Amino acid sequence: MKICIVGDYLSRYRERIQTLFPTDEVIWAHTGEDDIVRDALEDLDVFVGPVFTPEMAHRARRLRLVQVPGAGTDGIAIDALPPSALCANVYRHESSVAEYVLGAAIALRRRFQDQDRNLRQDIWDTATYDPSVAYGRTLLSAEVGFVGYGHIGAATWTLLEAIGVRGGRAVSRSGKSAEGRVSSLTWLGTQSDIDRLFDESDLVVVSAPLSAETNGLIGAEQLDLLGEDGIIINVGRAGLIQEEPLFNALQSGTIAGAAVDVWYSYPEDGSGRPSSYPFKDLTNILMTPHSAALTDETYSARLEDIAINIERSRMGFRPINLVMS
């Protein structure tokens, strides 16, 4: 078979991949190397990458499988794929992202970022030396809300429960948990319950997929309901939270803080502003470059699933994690 792998996600496993498919033609291309990809499309069997356009689909008439190396499929023109092709994604990132949420939530609720920054200036930012400084708040006392309750939401709640967090609720498109998982959440509703979720929570974890229904789902009204002690953590897609209301809520103190791992603008070369708003000037936000899932454990496991799907495609079987049009 002819396999084209695009992007840097799997490049560090190149030797291992070549060992897995010793008799296949494996073509590697970095993001932006469109000529290499274009030349491979005409007789390509498997494409592995985060973006597959209608123009690419038009050329790849022999294609059997589009394998996304992550969970998000918003870069794949699924409806344009040739009749012979199926699309699949991979997960396996939920544990790594759950750890990110745990760490970010503790840091923000305990104000570790502020204390680190101030102590570097010889300021002891603690109630011991300044009675006006509020005490931190433990994560165990948090009322947690989940916008989206798929793999990430369920894994995060499992982790939070394990350390003793008891108050949890979630909204999802279907109003059901991932894969029918039994949960000890206080309640699980649909997106129509989102205002109630923000009103009852002081920590909200956003991990829903981005779609026409969820784009801009969270705005000024919801952030107002979260309140001045509230924290929001976005590990889904930036578009789930309206950009200007988020900035304004952080700047004004409408909410206490945020951790944002997914952004409104992405660079091509590793350098560039993540937003048109100066989030970097705010002191109550933890900014990370879409790195919550980037662990060796995530990608080693994803490679296993990708290899399984390529073999299933070779044998004419449906892939695991099939993405429906």
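The structure reproduced in this document is the subject of the present report. (Residues numbered from 1 in each chain as written. Predicted model: local features only at pLDDT ≥ 70, side-chain atom pairs only at ≥ 80, totals over all residues. Heavy atoms only, no water.)

**A word on the state of the cysteines**
For step 1, the next point in the chain: All chains considered together, the criterion is met by 0 disulfides.
For step 2, the next point in the chain: Cysteine cysteine 4 is unpaired, with the sulfur of cysteine 87 as its nearest cysteine sulfur at 15 Å.
For step 3, the next point in the chain: Cysteine 87 sits in the buried class, given a relative accessible area of 2%. (Disulfide = S-S within 2.5 Å. Buried < 20%, exposed > 50% of the residue type's maximum accessible area, 1.4 Å probe, protein only.)

**Considerations on the pairing of strand S6 (residues 143-147)**
For step 1, the next point in the chain: Most of S6 is tucked away: 4 of the 5 residues are buried.
For step 2, the next point in the chain: Taken together, the 5 bridges between S6 and strand S7 (residues 167-172) define a ladder with parallel strand orientation. The partner of valine 144 across the bridge, within S7, is glycine 168.
For step 3, the next point in the chain: The β-α-β motif built from S6, the intervening helix H6 (residues 151-162) and the parallel element S7 has right-handed crossover chirality.
For step 4, the next point in the chain: Where S6 and strand S9 (residues 203-206) come together, 4 bridges link them in parallel fashion. In the sheet register, phenylalanine 146 faces S9, and the bridge partner there is valine 205. (Helix = DSSP H or I, 4+ residues; strand = E, 2+ residues; numbered from the N terminus. Pairing = 2+ DSSP bridges. Right-handed = clockwise from strand over helix to strand, strands pointing away.)

**What to know about the packing of aromatic side chains**
For step 1, the next point in the chain: Per the stated rule, a full pass over the model turns up 8 aromatic pairs.
For step 2, the next point in the chain: Measuring from ring centre to ring centre gives 5.8 Å for phenylalanine 146 and tyrosine 149, while their planes differ by 65°; the resulting arrangement is edge-to-face.
For step 3, the next point in the chain: Relative accessible area serves as the criterion here: at 5%, tyrosine 149 is assigned to the buried category.
For step 4, the next point in the chain: Taking the centre distance of 5.7 Å and the plane angle of 70° together, the rings of tryptophan 263 and phenylalanine 279 count as edge-to-face. With tryptophan 263 in the loop between strand S11 (257-260) and strand S12 (285-287) and phenylalanine 279 in the loop between S11 and S12, this pair connects stretches of sequence that are 16 residues apart.
For step 5, the next point in the chain: You can call tryptophan 263 buried: its relative accessible area is 8%.
For step 6, the next point in the chain: Here a set of aromatic residues connected by ring pairs shows up, and it is made of Phe247, Trp263, Tyr277 and Phe279. (Phe/Tyr/Trp six-rings, centres within 6.5 Å; stacked < 30°, edge-to-face > 60°.)

**Remarks on the side chain of aspartate 114**
For step 1, the next point in the chain: Note on placement: aspartate 114 falls in helix H5 (residues 112-119).
For step 2, the next point in the chain: A polar contact is formed between the side chain of aspartate 114 and the side chain of arginine 117, at a distance of 2.8 Å. (Polar contact = N/O pair within 3.5 Å; in protein donor to acceptor, adjacent residues only side chain to side chain.)

**Observations concerning the sheet that holds S7**
For step 1, the next point in the chain: In spatial order, the strands read S8-S7-S6-S9-S10-S11-S12; together these 7 strands make up an open sheet with parallel pairing. Of all the strands in the sheet, just strand S8 (187-190) and S12 have a single pairing partner and so form its edges. Strand-to-strand twist in this sheet, taken as the mean axis angle between neighbours without regard to direction, amounts to 15°.
For step 2, the next point in the chain: Sheet topology places S11 next to S12; 3 bridges connect them, and they run parallel. Bridge pairing in S12 links alanine 258 to isoleucine 285.
For step 3, the next point in the chain: Packed on one face of the sheet, helix H4 (residues 94-109) meets S9, strand S10 (231-234), S11 and S12 and runs near 155° to S10. (Axes fitted to C-alpha atoms, helices over the stretch in contact; angles between N-to-C directions. Contact = heavy atoms within 4.5 Å.)

**Re a nonpolar patch on the surface**
For step 1, the next point in the chain: Taken together, the side chains of Leu119, Trp124 and Tyr129 present a nonpolar region at the surface, about 390 Å² in accessible area.
For step 2, the next point in the chain: Relative to the elements of secondary structure, leucine 119 occurs in helix H5. (Patch = residues over 30% accessible without salt bridge, like charges linked within 9 Å, V, L, I, M, F, W, Y side chains within 5 Å. Areas by Shrake-Rupley, 256 points an atom, 1.4 Å probe, with all protein chains shown as cover. Salt bridge = Lys/Arg side-chain N within 4 Å of Asp/Glu carboxyl O.)

**Comments concerning the sheet that holds strand S2 (residues 25-29)**
For step 1, the next point in the chain: The strand order S2-S1-S3-S4-S5 describes an open sheet built from 5 strands, whose pairing is parallel. Two strands lie at the open edges of the sheet, namely S2 and strand S5 (86-88), each paired on one side alone. With strand direction ignored, the average angle separating the axes of adjacent strands in the sheet is 15°.
For step 2, the next point in the chain: Here strand S3 (residues 46-48) pairs with strand S4 (residues 65-67) via 3 bridges, running parallel.

**A look at the pairing of strand S1 (residues 2-6)**
For step 1, the next point in the chain: The buried fraction of S1 amounts to 5 of the 5 residues, a majority that puts the element mostly inside the structure.
For step 2, the next point in the chain: Sheet topology note: the S1/S2 ladder contains 5 bridges and is parallel. Paired with lysine 2 across the two strands is glutamate 25, which belongs to S2.
For step 3, the next point in the chain: For the segment spanning S1, helix H1 (residues 14-20) and S2, crossover handedness is right-handed.

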